[in-house]
Each structure stands twice: as structure tokens, then as C-alpha cells.
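Each chain, letter by letter, is given below.
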Amino acid sequence: MWCGEWTIYTSKGVVSDKLVIRDTKADCAGPAWCALLIQIHKGVPVKIYRGEIENMDNIFRHMIFRIYRYTKNSTYDRYDAHIFPNRDKMAGSFSTIGVTVPSGVFLGLKETH
């Protein structure tokens, strides 16, 4: 449902990032989403920022995740995302934890290849 590549549009209407969510198929003893890899790809050349999922609801339609700007436990962007029923769009809000920056909203469109 969440796996794929998503083009992220911010509240300013510009493409800011590509969100990549992949199933690593790792054998993990955590929650149902513990094997998911989550990253933001920015710029040219592409710089990759890793993240982690904080929580997901029991029907897998609402996910809270963070993307680290530098290293784990540093400044990070926290996303509160909801996937649409047809699974090709997501929307939500984001905020930067660790600095004083205004929050915003985003829309994600799933890329088709």
C-alpha cells in the first residue's frame, strides 16, 4: 500500500522531494511495518536522507514517520501522513523537530513506471 516512489509537493506548491518506501523483506520481530525502508531523495546530485516509521494505524492508512537531516537523533522532519483509498495519493502535515521552523502541509503522488 505505502511502498513505491512518491513525488512530494509542499504547501508552497513546488516539488520538494521524492519519498521512497520499500519493503526490505527483513525478518524482524517488530510491528508489521518494521521491514519498511523509508528515505527522502533531494536535489541533483541526489542526496539520500534516511528515516524511520514512528507509528502506523491498524488498517495501514495513517503513518507517522521521521526523516533525519544528518544522523539519527539529530534534527528531523516529522510527517503525519494519510493515504487515500485508491492508494495513489497521500496528504498530511510536517514539522521540523530541533529547530524553530514553521510547519507545513504536503501532498504526495505515487509515481507509475
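What comes next is a walk through the structure. (Residues numbered from 1 in each chain as written. Predicted model: local features only at pLDDT ≥ 70, side-chain atom pairs only at ≥ 80, totals over all residues. Heavy atoms only, no water.)

This paragraph deals with the environment of arginine 87. Looking at the secondary structure, you find arginine 87 in the loop between strand E6 (76-83) and strand E7 (89-97). For arginine 87, a relative accessible area of 43% corresponds to the partly exposed category. A C-alpha to C-alpha distance of 9.1 Å links arginine 87 and arginine 61, two positions 26 residues apart in sequence. (Helix = DSSP H or I, 4+ residues; strand = E, 2+ residues; numbered from the N terminus. Buried < 20%, exposed > 50% of the residue type's maximum accessible area, 1.4 Å probe, protein only.)

This structure, assessed with the given rule, holds four aromatic pairs. Counting every residue linked through ring pairs, the aromatic cluster contains Phe65, Tyr79, Phe94 and Phe106. (Phe/Tyr/Trp six-rings, centres within 6.5 Å; stacked < 30°, edge-to-face > 60°.)

Our focus in this paragraph is the pairing of strand E1 (residues 4-10). As a general feature of sheets, a regular strand has side chains that alternate between the two faces. The buried count for E1 comes to five of seven residues, which makes it a mostly enclosed element. The sheet contact formed by E1 and strand E8 (residues 104-110) spans five bridges and is antiparallel. Looking across to E8, one finds that threonine 10 is bridged to phenylalanine 106. (Pairing = 2+ DSSP bridges.)

On to the state of the cysteines, then. Counted under the stated rule, the structure contains one disulfide. Across the disulfide, cysteine 28 is cross-linked to cysteine 34 (sulfur-sulfur distance 1.8 Å). Judged by the torsion about the S-S bond (80°), the cysteine 28/cysteine 34 disulfide is right-handed. Residue classification places cysteine 34 among the partly exposed residues on the basis of a relative accessible area of 31%. (Disulfide = S-S within 2.5 Å.)

Position of serine 95 among the secondary structure elements: in strand E7. Serine 95 sits 17 residues away from arginine 78 along the chain, and the two C-alpha atoms are 5.4 Å apart. The contact partners of serine 95, leaving out residues within four places of it in the chain, are Tyr76, Asp77, Arg78 and Ser103. (Contact = heavy atoms within 4.5 Å.)

Remember that the coordinates give geometry; whether it matters functionally is a separate question.
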